[in-house]
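In case you want the letters, here they are:
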Amino acid sequence: MKFGFYTLGCKVNLFETQALMQQAQARGHEICTHDADAFIINTCSVTAISDHKNLRAFHKIRRENPHAIIAACGCFAQTEPDKLQASGEIDLICGTSARAEVIALCEEAVQGRFPHDLDKFRCPGRSYEVLPAGVPAGRTRALLKVEDGCDNYCTYCIIPYARGHVRSMPIGTAVSEAIRLSEASVQEIVVTGIEISSYGRDLPGHPSLLDLIVQLCQAVPRTYIRLGSLEPRTIDENFCQSLAAYKNLRPHFHLSLQSGCDSTLARMKRRYTAAFFAERCEQLRTYFPDCSITTDLIVGFPGETDAEFEQTLQFIQQCQFSDMHVFPYSVRPGTPAASMPIQIPDAEKSARATKAKSIAAQMSADYRSRFIGRTMNVLFEHPVSGSDLWSGHSDFCFSVQAAHPTISKNKQLPVQITGLTESGLSGKICL
């Protein structure tokens, strides 16, 4: 059979899609982009915009694959099955569970055998479902998902309802997967999950994320390890001091902020203050000089006053992030924030997002400018369309572009940085 795949949303979805692709290939199927017998869409529901992207993807894929069985997995399929059913485009609605069975489910549907009950696919499990780690299509860096679910229940977030409680991959399994990837010439592994800072709380002995990362760094010393999004409370003296000893840990830390105002953080049910967050940034910079600290910001949260927003703008400039993802608050039905008073008008949310993005762009340029004249190793990933340049990643979060006849995918080369691109750096190969 011919299987097609389409992914929306986060790195966890990318991980799960590549795992499903591995399973399809292992069962003898061909991976295609059109004229598929079965097409699996991995959906996202983090914002209202994500929901619209899902629906557009359904229409496009049905138009291009009119005779295919189309299955929807992921968070939108989990939280909004009625909307998927109403779209008229989806044959199988599978949610966020039992991923290992989705390929077989599609095989049966292609043969005309549709299941009577899909409830188990929309009932988050009590234990971690191990799926094979690997490199997503078109990428160079591998994803290793080590955790699923979230128990934080921030007032704006639908994901705990979509993904269920925290479940973790045992350390030994994660280490084995990392060794397998390293032996397959993968040069960088991104450790990801829905909320990796909660890693291990469900496992015997309650190992921490720090315990896991130390063992990963030790197990694959010639392979770089990069961390996914971290809760700020993960960072402390022991975390920084322990990990600073490992040269294969990329000095890039994504700390989820959401607001720089304590009253807004409290309404969001975030479990830290702005001052606490700033202290964690300073700790990281003490142990990892020049490290890249990136973050997420939500603007226009219910009740956010002009003064609170200005406080957040001042705070992000104090922290001097190397990059930021800025989102206007998106109402998620079923979350506490959706029914909070003083919902901010869309126009005001958009204006605030524009202002925050402008500051974020300047901070990013200031941070990247400090690397001009320096030489750094770059892991090249893909050619830049319409040019003779290749793009890759360095130790930090941004891309680096350079041109040279010896560049190829998954090759690491030293690059002297000569200037800035819109969101990264440019340079020349040092050979």
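Within each chain, residue numbers correspond to sequence positions counted from 1 in written order. Note on the predicted model: pLDDT of at least 70 is required for a residue's local features to be given, and 80 or more for side-chain atom pairs to be given and counted; whole-chain, interface and lining totals, by contrast, use all residues. Heavy atoms throughout the structure, all of them, feed into the side-chain values; hydrogens and water do not.

Visitor: So what's going on with the sheet that holds strand 2 (residues 30-32)? Which residues, and what values?
Guide: Pairing between two strands is assigned when DSSP locates at least 2 bridges connecting them. Starting at the N terminus, helices and strands are each numbered in turn, a helix being any DSSP run of H or I of at least four residues and a strand any DSSP run of E of at least two. Sheet architecture is open: five strands sit in the order 2-1-3-4-5, paired in parallel fashion. The open sheet has two edge strands with one neighbour each: strand 2 and strand 5 (92-95). In this sheet, neighbouring strand axes are inclined to one another by 25° on average, regardless of whether the strands run parallel or antiparallel. Of the pairings in the sheet, the one linking strand 1 (residues 2-7) to strand 3 (residues 38-43) comprises five bridges and is parallel in character. In the sheet register, Phe5 faces strand 3, and the bridge partner there is Ile40. The strands that helix 1 (residues 11-26) touches are strand 1, strand 2 and strand 3; relative to strand 1, the one it contacts most, it runs at about 175°. The axes are straight lines fitted to the C-alpha atoms, using for helices just the contacting stretch, and the angles between their N-to-C directions are given from 0 to 180°. By definition in these notes, contact holds between two residues if any of their heavy atoms fall within 4.5 Å.

Visitor: Could you give an account of the side chain of Gln23, naming the residues involved and the relevant values?
Guide: Structurally, the position occupied by Gln23 is in helix 1. Residue classification places Gln23 among the buried positions, given a relative accessible area of 18%. When near neighbours in sequence (up to four residues on either side) are disregarded, Gln23 contacts Arg99, Ala100, Ile103, Leu131 and Pro132. For the exposure calls, accessible area comes from a 1.4 Å probe over protein chains only, and a residue counts as buried if that area is under 20% of its type's maximum, exposed if over 50%, partly exposed in between.

Visitor: Let's hear about the nonpolar core: which residues, and what values?
Guide: Among the buried residues, those of types Ala, Val, Leu, Ile, Met, Phe, Trp, Tyr and Cys that are joined through side-chain atoms within 4.5 Å form a nonpolar core. Ranked by internal contacts, the top residues of the largest apolar core, which has 68 residues, are Ile213, Leu216 and Phe321. Per element, the largest residue contribution to this core is seven residues, and it comes from helix 8 (residues 209-219). The contact partners of Ile213, leaving out residues within four places of it in the chain, are Val191, Leu227, Leu243 and Leu249.

Visitor: Provide a residue-level description of the layout of surface pockets, including the pertinent values.
Guide: One simple way to see leftover space: roll a probe sized like a water molecule over the atoms. The volume enclosed by the second largest pocket comes to roughly 300 Å³. We place a 1 Å grid over just the protein atoms. Points where a 1.4 Å probe fits but has no way out form a cavity, open points with protein on both sides within 12 Å along at least 5 of 7 lines form a pocket, and any residue with an atom within 4 Å of a point lines it. Forming the walls of the second largest pocket are 16 residues, and the residues nearest its centre are Leu249, Pro251, Pro289, Asp395 and Phe396. Residues are grouped as follows: Ala, Val, Leu, Ile, Met, Phe, Trp, Tyr, Cys and Pro are nonpolar; Asp, Glu, Lys and Arg are charged; every other residue, Gly included, is polar. Of the residues contributing to the lining of the second largest pocket, the split by class is 11 nonpolar, one polar and four charged. Grid points are joined across faces, edges and corners, and a volume is the space filled by probe spheres set on the points.

Visitor: Just give me the short version of the pairing of strand 4 (residues 69-74), but keep the residues and values in it.
Guide: It is a general feature of regular strands that their side chains alternate between the two faces of the sheet. The element strand 4 is largely enclosed, with a buried count of six among its six residues. Here strand 4 shows two buried faces, one formed by Ile69, Ala71 and Cys73 and the other by Ile70, Ala72 and Gly74. Bridge analysis of strand 3 against strand 4 gives six bridges, and the strand direction is parallel. Bridge pairing in strand 4 links Ile40 to Ala71. Crossover strand 3 to strand 4 through helix 2 (residues 48-64) is right-handed. Summarising the sheet, strand 4 and strand 5 pair through three bridges and their orientation is parallel. Bridging across to strand 5, Ala72 finds its partner in Ile93. Every crossover in which the path from the first strand over the helix to the second runs clockwise, viewed with the strands pointing away from the viewer, is termed right-handed.

Visitor: Quick rundown of helix 11 (residues 274-287)? Include the residues and the values.
Guide: Under the 1.5 Å per step criterion, the end-to-end length of helix 11 is 21 Å for 14 residues, consistent within 8% with the ideal 20 Å. For helix 11, the complete set of buried residues consists of Ala274, Phe277, Ala278, Arg280, Cys281, Gln283 and Leu284. Of the surrounding secondary structure, the elements contacted by the buried residues of helix 11 are helix 9 (237-243), strand 10 (252-254), helix 10 (262-268), strand 11 (292-299) and helix 12 (306-319). To estimate the expected span of a helix, subtract one from its residue number and multiply by 1.5 Å.

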